[in-house]
Amino acid sequence: QLQNKILILTICAAGIGGTFQYGYNISIINAPASYIQTFMNTTWLERTGLPLESNMILLLWSFTVSAYPLGGLTGAVVAGPMAIMLGRKMSLLLNNVFVIIAAALAGFSRMAKSFEMIMLSRFFTGMNAGVSMNIQPMYLAESAPKKLRGAVALTSASFTALGLVLGQVIGLRELLGREESWPFLLASNVVPALIQLTALPWFPESPRYLLIDRGDKESCISALQKLRGTSDLSAELEEMLAEQAAVKGQRAKNPWELFQNPSLRWQLVSIVVLSSAMQLCGNDSMYFYAAYVFQEAGIPRDKIPYVVIGTGSCELITSVTCNMIIDYAGRRPLLLGGYIFMAGWAIVFMVALSQQTQISWMPYLSMACIFAYILSFGIGPAGVTGVLPTEVFDQMSRPAAYMICGSLLWFNLFLVGTAFPFIVKSLAHFCYIPFLVVCVCTALYVGFFLPETKGKSFLEISEEFKKRNFKTKTRAGFYKGPEEIKTTTL
């Protein structure tokens, strides 16, 4: 029991300063949006004697918002080298420096009468999220026993959802959502960072990193004993030593080397498809629509923030449920189910939006769609996508794979954030058509090409992909897989 306790505490220590920050920092910026825009205007007025035009305020605000994914992209790129040189645990600890800088910048921005400090602060917050989104699932999946690997790595998604909900709660007017307290709201992300800095040093480094990257067998055994207790470690150690032998003489790979390596072709295609789909499936855009739809459904304007907390809680409940079932149900069924349901709900949502004014109960249907869409996303794509790079790549390719994954994730977040308002403008009620296409294509890809990784050792998974990567050459004559699929893309 004690050992399970150590594993659970390791998960919490890594999560609170890790992906929790990603969710938390995405949602705390929504509540004070109008106050910060007013602050930008008054600051400019004091400096130049002229007020800002409204489109200029909007431009400055969109810079502030997009500084976050930009920082995330930077974080995702530095995460790979950090994980290799400093180790997984040390990288997570050092990562808190970015948040402390960000909190100081945001907290003193009003005193210093500088809105540029808020933009910089968002950039550093993004960097912190970029690093933790890559390193935390890697650290946890490498530290977990094989039968719990999916559930343990998936806690990253649960912490993101928990951060989202807590950010929404703390942004309420009753807490830190008032005009005078926005600098404190933006600086409140320093609290989880301090918790992690005090808790995480007590827990072991990833045993796989210690053995395979550092070649330090003693430290690996002592880390395993801490995590697993006195239970027989020989089988697990044997597995790791076999892994070590398989990558002997290799060094950690760079991202571009993965693209050149034919034995990693299907693994790469899989993570590129899935990490792009995770942002391009329109889940985050549902939050964009939430307030409008709730207003149409007749919910009083001052009550809307409380209902929006419901949408965040939806994601939290499903990611926790997903945690419980991933190692029973497997990765594929959850991904497949998630994307198929999302495609279905996207169709219903578009119909409901187009009939919003004609039929009196339509707003309630669109409301149900928002919850259903977020639930479908939470049950599969939200969590499983982060687990896969750990499972389908070996120890030497893993950091590079996460760099590719993370960069795609942040780039697409930026892309959707920038393009969505224009999509809404041009397609109106049918703005979900691009997302629908993404969901259908991803479901097809998962159905036809993604092998199940549940309960297999990392070596077995590598073997399975090796068969796929080299099968195409021997059967080139009548192999028609990818050609058929290509026609469904946009």
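Quantities reported herein were computed from a predicted structural model and do not represent experimental measurements.

A. Local environment of the overall build of the chain. A count of helices and strands for the chain gives 24 helices and 0 strands. For the chain, the C-alpha radius of gyration of 23 Å lies close to 23 Å, the compact-globule estimate for 490 residues. A burial count over the chain gives 54% of its 490 residues as buried. Considering only intrachain contacts with a sequence separation of at least 6, the fraction spanning at least 24 residues in the chain is 83%. Accessible surface, the chain: about 20,700 Å² in total, of which carbon and sulfur atoms supply 70%.

B. Summary view of the domain arrangement of the chain. Structurally, the chain comprises domain 1 (1-203) and domain 2 (257-473). In this structure, domain 1 and domain 2 have C-alpha centres spaced 22 Å apart. With 41 residues of domain 1 in contact, the opposing surface of domain 2 contributes 44 residues. For the domain 1 face of the interface with domain 2, the top three residues by lost area are Arg149, Leu154 and Gln168, together amounting to 18%. Where glutamate 142 meets arginine 398, a salt bridge forms, and the shortest distance between an N and an O atom there is 2.7 Å. Elements represented by at least two residues in the side of domain 1 that touches domain 2 include exactly helix 4 (54-85), helix 7 (116-143) and helix 8 (149-170). The leading source of residues in the side of domain 1 that touches domain 2 is helix 8, at 14 residues. In the side of domain 1 that touches domain 2, the residues fall into 24 nonpolar, 10 polar and 7 charged.

C. View of the pattern of salt bridges. On inspection of all chains with the given rule, the structure shows 15 salt bridges. For glutamate 142, the salt bridge is made with arginine 88, and the minimal N-O distance between the two is 2.9 Å. Taken together, the residues glutamate 142 in helix 7 and arginine 88 in helix 5 (residues 88-94) connect sequence positions 54 residues apart. The pair glutamate 142 / arginine 88 is uniform in exposure class, with both members buried.

D. Quick peek at helix 20 (residues 381-392). Spanning 12 residues, helix 20 covers 16 Å between terminal C-alpha atoms, matching the ideal 16 Å at 1.5 Å per step. Extensive coverage of helix 20 is indicated by the burial of 11 of its 12 residues. Where helix 20 is concerned, the buried positions are Pro381, Ala382, Gly383, Val384, Thr385, Val387, Leu388, Pro389, Thr390, Glu391 and Val392.

E. Main features of the nonpolar core. Counting residues in hydrophobic clusters, the biggest one holds 76 residues, and the most contacted among them are Tyr339, Trp410 and Tyr432. Top element by residues in this core is helix 21 (residues 398-427). It accounts for 10 residues. Two domains share this core, each providing at least three of its residues, namely domain 1 (1-203) and domain 2 (257-473). Core analysis: the next-biggest nonpolar cluster, separate from the first, contains 47 residues, Ala14, Leu60, Ile135 and Leu200 among them.

F. Representation of the packing of helix 8 against helix 17 (residues 304-329) in the model. For the pair helix 8 and helix 17, interaxial distance at closest approach is 8 Å and the crossing angle is 170 degrees. In terms of axis orientation, helix 8 runs roughly antiparallel to helix 17. Along the lines of polarity and charge, the residues of the contact of helix 8 with helix 17 split into 14 nonpolar, 9 polar and 3 charged.

G. Examining the environment of valine 191 more closely. Note that valine 191 resides in helix 10 (residues 190-199). Expressed as a C-alpha distance, the spacing of valine 191 and valine 99, which sit 92 residues apart in the sequence, is 9.6 Å.

H. Quick peek at the packing of helix 15 (residues 265-280) against helix 22 (residues 433-449). Interhelical geometry of helix 15 versus helix 22 gives an angle of 150 degrees and a closest axis separation of 10 Å. With respect to their mutual orientation, helix 15 and helix 22 come out roughly antiparallel. Handedness of the crossing formed by helix 15 with helix 22: left-handed. Contacts between helix 15 and helix 22 involve Trp266, Val269, Ser270, Val273, Leu274, Ala277 and Leu280 from the first element and Phe435, Val438, Thr442, Tyr445, Val446 and Phe449 from the second. The residue makeup of the contact of helix 15 with helix 22, split by class, is 11 nonpolar, 2 polar and no charged.

I. Summary view of the packing of aromatic side chains. Evaluated as defined, the whole model comprises 13 aromatic pairs. Geometrically, the ring pair formed by tyrosine 432 and phenylalanine 435 is edge-to-face, given 4.8 Å between the ring centres and 65 degrees between the ring planes. Of the two residues, tyrosine 432 and phenylalanine 435, neither departs from the other in class, the shared state being buried. Taking 5.5 Å as the distance between ring centres and 40 degrees as the angle between the ring planes, the aromatic pair formed by tyrosine 445 and phenylalanine 449 counts as tilted. Placement of the pair is tyrosine 445 and phenylalanine 449 together in helix 22, with a separation of 4 residues, close to one helical turn. Of the two residues, tyrosine 445 and phenylalanine 449, neither departs from the other in class, the shared state being buried. An aromatic cluster of three or more residues is present, and its members are Trp266, Tyr445, Phe448 and Phe449.

Rules used in this analysis
- Within each chain, residue numbers correspond to sequence positions counted from 1 in written order.
- Thresholds applied to this predicted model are a pLDDT of at least 70 for local features of residues and 80 or more for the giving and counting of side-chain atom pairs; totals over whole chains, interfaces and linings are not thresholded and use all residues.
- Water and hydrogen atoms play no part in the side-chain values, which are based on all heavy atoms of the structure.
- Secondary structure elements follow DSSP: runs of H or I no shorter than four residues count as helices, runs of E no shorter than two count as strands, and numbering proceeds from the N terminus.
- The quantity called the radius of gyration is restricted to C-alpha atoms. Its globule counterpart is 2.2 Å times the number of residues to the power 0.38.
- The buried label goes to any residue with under 20% of its type's maximum accessible area, the exposed label to any with over 50%, and the partly exposed label to all in between, with areas taken from a 1.4 Å probe on protein chains only.
- Contacts: residue pairs with any heavy atoms within 4.5 Å of one another.
- In these tables, accessible area is a Shrake-Rupley quantity obtained with a 1.4 Å probe, and a residue counts as shielded only by the protein chains included in the view.
- By convention here, the domain bounds are inherited from an automatic or database domain assignment.
- Two parts placed together each lose some accessible area under a 1.4 Å probe, and the buried area is that loss summed for both.
- Salt bridges are defined by distance alone: a side-chain nitrogen of Lys or Arg within 4 Å of a carboxyl oxygen of Asp or Glu.
- The nonpolar class holds Ala, Val, Leu, Ile, Met, Phe, Trp, Tyr, Cys and Pro. Asp, Glu, Lys and Arg form the charged class, and all remaining residues, Gly among them, are polar.
- Multiply 1.5 Å by the residue count of a helix minus one, and that product is the helix's expected span.
- Nonpolar cores are built from buried Ala, Val, Leu, Ile, Met, Phe, Trp, Tyr and Cys residues. Side-chain atoms within 4.5 Å join them into one set.
- For helices, the fitted axis covers only the stretch in contact; all axes are lines through C-alpha atoms, and the angles between them, taken along N-to-C directions, range from 0 to 180 degrees.
- The cut-offs work like this: below 35 degrees is roughly parallel, past 145 is roughly antiparallel, 65 to 115 is roughly perpendicular, and the gaps in between are oblique.
- Should the near helix be turned counterclockwise from the far one by less than a right angle, the crossing is left-handed, whereas a clockwise turn marks it as right-handed.
- Each pair of aromatic rings taken from Phe, Tyr and Trp, with Trp reduced to its six-membered ring, is defined by centres within 6.5 Å and is described as stacked if the planes are under 30 degrees apart, edge-to-face if over 60, and tilted in the remaining cases.

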